[in-house]
Amino acid sequence: MWIYEKKLQYPVRIKTPNARLASVIVSQLGGPDGELGAATRYLNQRYTMPDPQAVGTLTDIGSEELGHCEMIGAILYQLTKGLSPAEIKAGGFDQYFVDHTLGVYPTAAAGMPFNAASIGVKGDAVADLTEDLAAEQKARVTYDNILRLSDDPDVNDVIRFLRQREVVHFQRFAETLRHTTEKLNQKNFYAFNPEYPG
Amino acid sequence: MEAANERRNLGVTAEQTALLRRIQELSFAKIEVELFLDTHPENDKALAYLATLRGELAEAMQQYRDRGFALTTDDVEGESWGWVQTPFPWQY
């Protein structure tokens, strides 16, 4: 169960609308390594985790990712608010606009709608936690790419915060993987420790 | 009550933004130390830091409520349902 707090985890106050920037940042909502995928991946992986430490970490990081979806949504809303059709065309946002107007829709920047095919739930603690390490790195790279494409200081301040969270989550997942691997079989150094007993 | 209505009409004040900023800072620190404790459950320094943060955050949230602002639906008081009459955080 969750409780909604009427606040963003980190404030988003963008002064200058920018359709072109919105058209790439949308990937961190609905793209292959976006926040919606992250929340969905962790909150679904946690049910079968054999170790309460892994369940707790996935629950807490997954919940934080829901807050990050809201922050990306806030960025998209503020970057596109009040844009004229001419500005939308000039910013290359027309292909998104024709289907979603200025609504916040989870899609990858190249147009692929949010798809659970880009996340994994294997039902195996070592496999899933190893995926989570890669997921955090991939999200970090996407934020690096956004910083390469954006020169808006209001946007970049928020993107740097979100990028830093990927770095911290990677650390916590690495500790969780080590702990879980040892618990499954302390003598197995090669991490072939099936969770499913059959 | 009149003061609360006035605030709703005027939107978010600098005072509310400042109080909320304090809550955001403390909440973030709390999330961060809780996450650290998930993988270091016996860490005394982190546990002590969490206890301090809890106290400071409770105080900041009480201040926010005392000024008539609502963080959760439980904080909403008054003769009308202020939850839907005050802006959501991406709007200001």
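The structure under discussion appears in the preceding block.
Residues numbered from 1 in each chain as written. Chains lettered and ligands numbered in written order. Predicted model: local features only at pLDDT ≥ 70, side-chain atom pairs only at ≥ 80, totals over all residues.

Within the largest apolar cluster, 42 residues are counted, with the highest numbers of intra-cluster contacts made by A:Ala22, A:Ile25, A:Met71, A:Ile75 and A:Leu76. At the level of secondary structure, the elements contributing two or more residues to this core comprise helix H1 (19-25), helix H3 (35-45), helix H4 (52-80), helix H7 (125-149) and helix H8 (153-184) of chain A. It is H4(A) that contributes the most residues to this core, 10 residues altogether. Ignoring sequence-local partners within four residues, the contact set of A:Ala22 consists of A:Leu76, A:Leu79, A:Thr80 and A:Phe93. Of all hydrophobic cores here, the second largest spans five residues; its members include B:Leu26, B:Leu53, B:Ala60 and B:Met61. (Core = buried A, V, L, I, M, F, W, Y, C linked by C-beta atoms within 7 Å. Buried ≥ 20, exposed ≤ 12 C-beta atoms within 10 Å, placed from the backbone. Helix = DSSP H or I, 4+ residues; strand = E, 2+ residues; numbered from the N terminus. Contact = placed C-beta atoms within 7 Å.)

Once that is clear, we can look at the interface of chain B and chain A. With 15 residues of chain B in contact, the opposing surface of chain A contributes 24 residues. Its residues placed into classes, the side of chain B that touches chain A shows 10 nonpolar, three polar and two charged. (Nonpolar A, V, L, I, M, F, W, Y, C, P; charged D, E, K, R; others polar.)

Next up on the list: the packing of H4(A) against helix H2 (residues 14-39) of chain B. At a minimum axis separation of 9 Å, H4(A) and H2(B) run at an interaxial angle of 160°. Classed by the angle they form, the pair H4(A) and H2(B) counts as roughly antiparallel. Like other packed secondary-structure pairs, H4(A) and H2(B) cross with a definite hand, here left-handed. Where H4(A) abuts H2(B), its residues A:Gln53, A:Gly56, A:Thr57, A:Asp60, A:Ile61 and A:Glu64 lie against B:Ile31, B:Glu34, B:Leu35, B:Asp38 and B:Thr39. (Axes fitted to C-alpha atoms, helices over the stretch in contact; angles between N-to-C directions. Parallel < 35°, antiparallel > 145°, perpendicular 65-115°, else oblique. Left-handed = near helix turned anticlockwise from the far one by under 90°.)

All names here are of chain A. Its place among the elements puts asparagine 185 in the segment after H8. The class for asparagine 185 is partly exposed, based on 13 C-beta atoms found within 10 Å. Placed 86 residues apart in sequence, asparagine 185 and aspartate 99 show a C-alpha to C-alpha distance of 51 Å.

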